[in-house]
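# Inside the fold
Residue-level listing of the chains:
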Amino acid sequence: MIELTEVTKLYPGGVAALGGVSLRIDRGELVAIVGPSGSGKSTMLNVLGTLDRPTSGTVRIDRYDVARLSDSGLSALRATRIGFVFQQFHLASGVRAVDNVADGLLYSGLRASQRRKRAAAALERVGLEHRMDHEPHELSGGERQRVAVARAAAGEPPLLLADEPTGALDTASGAGVMQLFRDLHADGTTVVIITHDRDIAASLPRQVQMRDGRIVAEVRS
Ligand code: ADP
Ligand code: MG
């Protein structure tokens, strides 16, 4: 599903956010990325989500060599194959939950009525059928993140990437969100989750540990 080969990312000023990372993640895996703040986790997730291009090295997603795709090709790859969840939810304010989710399907080729139907089903799936018409400010943090997961998953992308998805949540809400990722994984989605939470990381079948822009250890349990 994902293959990084000797990937580096240098920022202006000489910061090597990634110092030569090689990583293979197979279809259907559930992987935790762990490491101290500043170790390159978000940079790696952005590179493997094609939000950012590496300075050198190759990135293959679903067999596509990302460097060979045009910007519009990359946008299409992202829109159809990758779902993203971020720590701060990234929902549009003043927009109902159902429309936040439906807007994530804008590039799916579905008609507006079909997008809304899919969005409603995705919200039902995350247990928010009673919150369809609520705006983000009318939802708790845990509920907002459920909406964000519904939006990421509504198009049934084969790959879900999450950057500290429980970082802003209390323990109970975080556990609920993690259960959603487990359910999606059980249905065949490849899931990669950055987490600071040791218990969450330890509960996942594979942990990739980063430090100073490199992978320093791997644990499989
Ligand atoms: P993590 O997610 O593990 O906390 P990041 O991937 O965000 O780490 O950052 C890795 C390193 O790259 C850090 O030293 C950070 O300061 C630096 N960095 C991240 N983004 C940028 C940027 N846009 N410009 C310059 N340096 C950056
Ligand atoms: Mg980060």
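Residues numbered from 1 in each chain as written. Chains lettered and ligands numbered in written order. Predicted model: local features only at pLDDT ≥ 70, side-chain atom pairs only at ≥ 80, totals over all residues. Heavy atoms only, no water.

### Observations concerning the overall build of the protein chain
- From N to C terminus, the protein chain includes seven helices and ten strands.
- Against the globule reference of 17 Å for 221 residues, the protein chain gives a C-alpha radius of gyration of 17 Å, in line with a compact fold.
- Summarising its shape, the C-alpha atoms of the protein chain cover approximately 45 × 40 × 35 Å along the three principal directions.
- Buried positions account for 47% of the 221 residues belonging to the protein chain.
- Of the roughly 10,600 Å² of accessible surface on the protein chain, 47% is carried by carbon and sulfur atoms.
- Taking the average location of the 27 positive side-chain charges in the protein chain and that of its 26 negative ones, the two points are 5 Å from each other. (Helix = DSSP H or I, 4+ residues; strand = E, 2+ residues; numbered from the N terminus. Rg over C-alpha atoms; globule rule 2.2 N^0.38 Å. Buried < 20%, exposed > 50% of the residue type's maximum accessible area, 1.4 Å probe, protein only. Areas by Shrake-Rupley, 256 points an atom, 1.4 Å probe, with all protein chains shown as cover. Lys, Arg positive; Asp, Glu negative; His and termini not counted. Charge placed at Lys NZ, Arg CZ, Asp CG, Glu CD.)

### Quick notes on the packing of aromatic side chains
- Enumeration according to the criterion identifies one aromatic pair in this entry.
- When the centroid spacing of 6.0 Å and the interplanar angle of 5° are considered together, the rings of F84 and F86 count as stacked.
- Its relative accessible area of 21% is what places F86 among the partly exposed residues. (Phe/Tyr/Trp six-rings, centres within 6.5 Å; stacked < 30°, edge-to-face > 60°.)

### Observations regarding the nonpolar core
- Grouped together as the largest cluster of nonpolar side chains are 38 residues, with contacts concentrated most on V101, L123, V147, V149, F181 and I193.
- Contributing elements (two or more residues each) for this core: β3 (30-34), α3 (97-103), α4 (112-125), α5 (141-153), β7 (159-163), α6 (171-186), β8 (190-194) and α7 (198-202).
- When residues of this core are assigned to their parent elements, the largest contribution, six residues, is made by α5.
- Leaving out residues up to four positions away in the same chain, F181 has contacts with V85, V149, L160, A162, P165, V191 and I193.
- Counting 28 residues, the second largest nonpolar core, distinct from the first, contains I2, L18, M44 and V208. (Core = buried A, V, L, I, M, F, W, Y, C linked by side-chain atoms within 4.5 Å. Contact = heavy atoms within 4.5 Å.)

### A word on the pattern of salt bridges
- Applying the stated rule across the entire model yields 14 salt bridges.
- Across the pair R53 and D71 runs a salt bridge, and its minimum N-O distance is 3.3 Å. One end of the pair, R53, is in the loop between α1 (41-48) and β4 (56-61); the other, D71, is in helix α2 (residues 71-81), and 18 residues separate them in sequence.
- By relative accessible area, R53 is classed as partly exposed at 33%. (Salt bridge = Lys/Arg side-chain N within 4 Å of Asp/Glu carboxyl O.)

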